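Remarks on the overall topology
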Amino acid sequence: MTSRALLWFDRLVPPVEESLARIRNYLPFFRKQTEDDVTSAATDSPQVARHREIGLNRPQPQRYASNRISTAKYNLLTFFPKFLLEQFRKYSNCFFLLIALFQQVPDVSPTGRFTTLVPLLFILAVSAVKEIIEDIKRYRADNHINKRRIEAYRNYQWKYVRWDQVLVGDVVKVWDDHFFPADLLLLSSSEPQCMCYIETANLDGETNLKIRQGLQATIKVVNPNDLREMSATVVCELPNRHLYEFVGNFQETGEQIIPLGPDQILQRGAKLRNTKWIMALVVYTGHETKLLMNSTTAPLKRSTVERIVNLQILLLFFSLLVICLIATIANEIWMRTAGFYHWYLALSESPTITIGHNLLTFIILFNNLIPISLQVTLEVVRFIQASFMNVDLGMYHEDSDTPAMARTSNLNEELGQVKYVFSDKTGTLTRNVMEFKRLSVGGIAYSIEETENPMNSTLIHNLTQGHQTSGHIKEFLTLMAVCHTVIPERDPCNDGKLCYHAASPDERALVYGAQRYGFVFQNRTPEYVVIDALGKTERFEILHVLEFTSDRKRMSVIVRTPNGKLKLYCKGADTAIYPRLKDNQQSKEITLRHLEQFATEGLRTLCCAVVEIPEDIYEDWKATYHKASTALQFREEKIAEAANLIERNLVLLGASAIEDKLQDKVPETIASLLLADIHVWVLTGDKQETAINIGYSCRLLTQGMPLLILNEDTLDGTRETIIRHLTEIGESVGKENDVALIVDGKTLTFALTCEIRKDFLSLCRSSKAVICCRVSPMQKAEVVELVANGTGSVTLAIGDGANDVAMIQKAHIGVGISGVEGLSAACASDYSIAQFKFLARLLFVHGAWNYTRMSKLILYSFYKNICLYVMELWFAMYSGWSGQILFERWTIGFYNLLFTAAPPLAMGLFDRTCSAETMLKYPKLYTPSQTSELFNVRVFWMWIGNALIHSLLLFWLPLFMFSQDIIWSNGRDGGYLVLGNTVYTYVVATVCLKAGFETQAWTWLTHLAIWGSIATWFLFFIIYSNFWPVIPFGANMAGLDRMVFSSATFWAGLLVIPVCCLAGDLAYKALYNTVKKPLYELVRESEIRKSDPSVVLQEPKLTETARLLRNVKSVFRRPSPTSSVRAALEIDLAHGFAFSQEEHGAVPQSEVIRAYDTTRPRLDQSQHPL
């Protein structure tokens, strides 16, 4: 076998293997089984493995899935069946395939055997090329991930391999700030006690870092020699989609079995952070990783417009059958009655033709009532529209050199009909960057932006100049530098500059904030921390760390200060700190006002306090705390009670404010979406407090908006809470109310059950904003599916992480952010953009324009075909219902190909209602497309009716002119083709002028399309009429140009008949715009007049009577029984408190800080040459 053949074979094998591995996803039987069913079935069956066994440094007992991933719709095996399935879901293609088969019957088709088959094959070819081009883009994006490099231990040495070459059982080495290529079992790391930090924002949306810890048995595996000598077996559960669960055992040869849990697992999609390197064993690969088990296969999506067209084509087909049956019956009647009087036709001598034969003839004759050219036109227009999006500089992100990318063009018009937007938080709305912004100390508010050099700020001036608050300022800055679990490290590559590693991004921001004010956190050891306070080195002994939990909403450290005093520094939510403050503190009220001011600015706030502890009280409490921490029952509750005993009589120092930096123009974009009557939901895996705080920051939630919070642990509790809230809302259920609904993941599990999902959806639809917290990737998809199926509205999901793939694929439209979290979401999306702010332009400009363009294109395509081809029905009345065609065969074929092809293309590509700037500035202009005003069943049949009227006029008026069969002064007769070509000319002129009549934005290309199409027909008519006898073709058209053009009647009709047809359209439009002019027409007229469109967009003000009635309604409205509870809860959360830190992690934070000694040199990779 040649090397080229081997290369081809190597390229072919991976797609084939992947297809076989994923084939169960395409079978209905396997689709019905969830992953739990498969696992349980494997457990019950003695012939199926109940677990996975992985050997370390030995061959694997079986072959596992490849680590190659694919988000493409097709591969070599599935392209033709899936493509044909998608194409023949369109009823028009099924219809034309049927017509093409009918035409193969001998002596049936009046239009030839291949006039339908060839165009159909051309349509399928164009569609196939478009699908292949779009799927190649997905394939290249997948390849970008599959070809990433990772160090793997092969043949007793480290080698760089591609991700798609990683195998189960490999030992890989991952460096800091790199993603994990598969699901890994942590063996060793550069950190003490085999710990490592991971960022899971790409999995669950949480901003805080999590700690994972390897086994003590593998902690010393740090070089190739250690790996060579190790032989072990890992037995674990089968692949499943449970992100937070893992069960397994680890056993070295000849040693005891060690249990494994989720604390040792590093999942694909997560990133290594604050850790130089780790070594890990590959457990699950490719589509068997937990991340990809939570995703679904790429769906075949169709737009709402396409589904409506599909249904109308079905109705038109039945109408066509009725017409054909009528024509067939009429033919039989004519043959039996009128045939006697037309003896010269010799009908009695002609062979007998059956009714079925006639029916097939009429079906083929009238098949063009459904435009076969529509599919080609749609594919071409959609492809070019997608290209417009790709090159739109308004959606180009210069900083990252990332343009927008339309990965599919089938949903272009769907972008104009979005009613619900489901957004991820981390990486989509936020940058996952915390920055210290404001602080309040001793009742005085300060901003870190007052001066470029904080050492010259008012805060430091008050501290050094003996201001009355100087004591509070020093304690506050000391607290920021001491009360945390941050690990400092000096970067040898950056002149020993300090950098801080923390599980909580909030804590890191506070430490950096203290550093900017001259209180620099320098070193940490297991016993103490060292800070540089304005040039003076101070050491604080860390005695106890009272960790943060979501119940406590605070953390404290007990330290011994350099002067020997015992102090407790505490920071947390105002609701957790204020009840523990000493009485009669002057700054309490003003600090609370500062908190409210900070929260209004969308900042995350913490209150800071201190208390000095007497030695005797500390010793007593120390014994109590030790007893609680060693309790065998209810340990956590007893530790919390012990902490409450010492966290009393606190002295308020002030408050800090941190900005969770949003992506650029997120609040403005969300405000625009809301103005366009688009409901915005946030689905995040992050904590509830963090999500609510971001809701305020991005202006999805407003101060004063009541919050309905669902935090229930049981199905019954969830049902009761939902029903209670629905009762409170009363008559306004199902209507948008000025309330926000906050749901956590556990409650969502119960809310999505069959019993109460309808009530839950009603509560969601009654809320102005919905935020779902702590949700899994599959729950995100289930929420999207609930809304899509329950409301029938068009949904859009947008995210940037791998945890967003499921909802992106489940929504009608999936938008991926090409962000820092990798390309998983972008690869699985229908459209990708670099920033959330570009969503407004994608919907309001391209979405609305494409919807308008596609609506007109489809309606016009049906209109122009019915105008021409229904004339065969009128002509059948004069041809004995024989199936004789009025027009020459090739002029029929070129009608859609040449003479009327350009106008719909111009409408589909260049027409628009208003300019892009106006569409962005006034989101209300999105409403016509969103509410399907321009394309629905009523509008469709109005155009069909309009086409029938025009067809009647275009046939009967010329026939009336030809009623005496003489149109020349010499009295000669030209035959039926003179009438046919005359009518054909009027039709071309009328339908082209109709396109201009419906066009709202004229360009030179529009003029070229309309006038050029009419000119093309005249040019063709002249050339074709002179083929014979020079070219032995078209004998029946010879000299017809001279016959037609020499008739004054023809030219008079050309001036009068198209005008008569369009006069009714003009009158209707004038009347409609006078009585009920659409909003977009008003704005367009304002643009033409170059006046301000805001004048016509202003909503009418309420009259005095209406205002009084509204006030009366609010007075008599029954108060909600839980309104006081909601108000209290709102106050609790209105200050923007959020503190991101992992709770109940693999290693408690109090133990993490005891494991580090930054005064000693850390383990460096240079000591372990790999």
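Residues numbered from 1 in each chain as written. Predicted model: local features only at pLDDT ≥ 70, side-chain atom pairs only at ≥ 80, totals over all residues. Heavy atoms only, no water.

- An unreviewed UniProt entry lists the protein under the name Phospholipid-transporting ATPase, from Artemia franciscana.
- Recorded in UniProt under Sequence similarities (unreviewed entry), the annotation for the protein is "Belongs to the cation transport ATPase (P-type) (TC 3.A.3) family. Type IV subfamily."
- As stated in UniProt under Cofactor (unreviewed entry), the record for the protein gives "Mg(2+)". (UniProt positions renumbered as here; feature names shortened; annotations may be inferred.)

Observations regarding a nonpolar patch on the surface
- Judged by side-chain polarity, L311, L315, V937 and W941 come together as a nonpolar surface patch covering roughly 330 Å² of accessible area.
- Every element with two or more residues in the nonpolar patch is listed here: α10 (304–337) and α34 (937–961).
- Given the relative accessible area of 31%, W941 is considered partly exposed. (Patch = residues over 30% accessible without salt bridge, like charges linked within 9 Å, V, L, I, M, F, W, Y side chains within 5 Å. Areas by Shrake-Rupley, 256 points an atom, 1.4 Å probe, with all protein chains shown as cover. Salt bridge = Lys/Arg side-chain N within 4 Å of Asp/Glu carboxyl O. Helix = DSSP H or I, 4+ residues; strand = E, 2+ residues; numbered from the N terminus. Buried < 20%, exposed > 50% of the residue type's maximum accessible area, 1.4 Å probe, protein only.)

Examining the sheet that holds strand β13 (residues 277–284)
- Pairing is antiparallel across the open sheet formed by six strands, whose spatial order is β3-β2-β4-β13-β5-β11. Lying at the two open borders of the sheet, with one neighbouring strand each, are β3 (157–162) and β11 (265–266).
- Direction of pairing for strand β2 (residues 149–154) relative to strand β4 (residues 171–175): antiparallel, over a ladder of two bridges. Paired with E151 across the strands is K173, a residue of β4. (Pairing = 2+ DSSP bridges.)

Let's talk about the side chain of T990
- By the secondary structure assignment, T990 is in helix α35 (residues 976–998).
- The exposure class assigned to T990 is buried, which follows from its relative accessible area of 0%.
- When sequence neighbours within four positions are dropped, the list of residues in contact with T990 reads Y863, H950, L954, P1058, C1061 and L1062. (Contact = heavy atoms within 4.5 Å.)

Side note on the side chain of N896
- Of note, N896 is situated in helix α30 (residues 889–899).
- Here the side chain of N896 touches K864 through a polar contact of 2.4 Å, side chain to side chain.
- In this structure, N896 is in contact with S373, K864, N865, Y869 and A901, ignoring residues within four places of it in sequence. (Polar contact = N/O pair within 3.5 Å; in protein donor to acceptor, adjacent residues only side chain to side chain.)

Re the packing of α34 against α35
- At a closest axis distance of 10 Å, the pairing of α34 and α35 adopts a crossing angle of 145°. For α34 against α35, the interelement crossing comes out right-handed. Together, W943, N946, H950, L954, P958, L959 and M961 of α34 and L979, V983, Y986, V987, T990, K994 and E998 of α35 make up the contact between the two elements.
- For the contact of α34 with α35, the per-class residue count stands at nine nonpolar, three polar and two charged. (Axes fitted to C-alpha atoms, helices over the stretch in contact; angles between N-to-C directions. Left-handed = near helix turned anticlockwise from the far one by under 90°. Nonpolar A, V, L, I, M, F, W, Y, C, P; charged D, E, K, R; others polar.)

Overview of the packing of α30 against helix α36 (residues 1004–1024)
- In contact at an axis separation of 11 Å, α30 and α36 are set at 150° when each is read in the N-to-C sense. Relative to α36, the element α30 lies roughly antiparallel. The interaxial crossing formed by α30 with α36 has right-handed handedness. Every residue of α36 that contacts α30 at W890, T891, F894 and F899 is listed here: S1013, T1016, W1017, F1020 and Y1024.
- When its residues are assigned to classes, the contact of α30 with α36 shows six nonpolar, three polar and no charged. (Parallel < 35°, antiparallel > 145°, perpendicular 65-115°, else oblique.)

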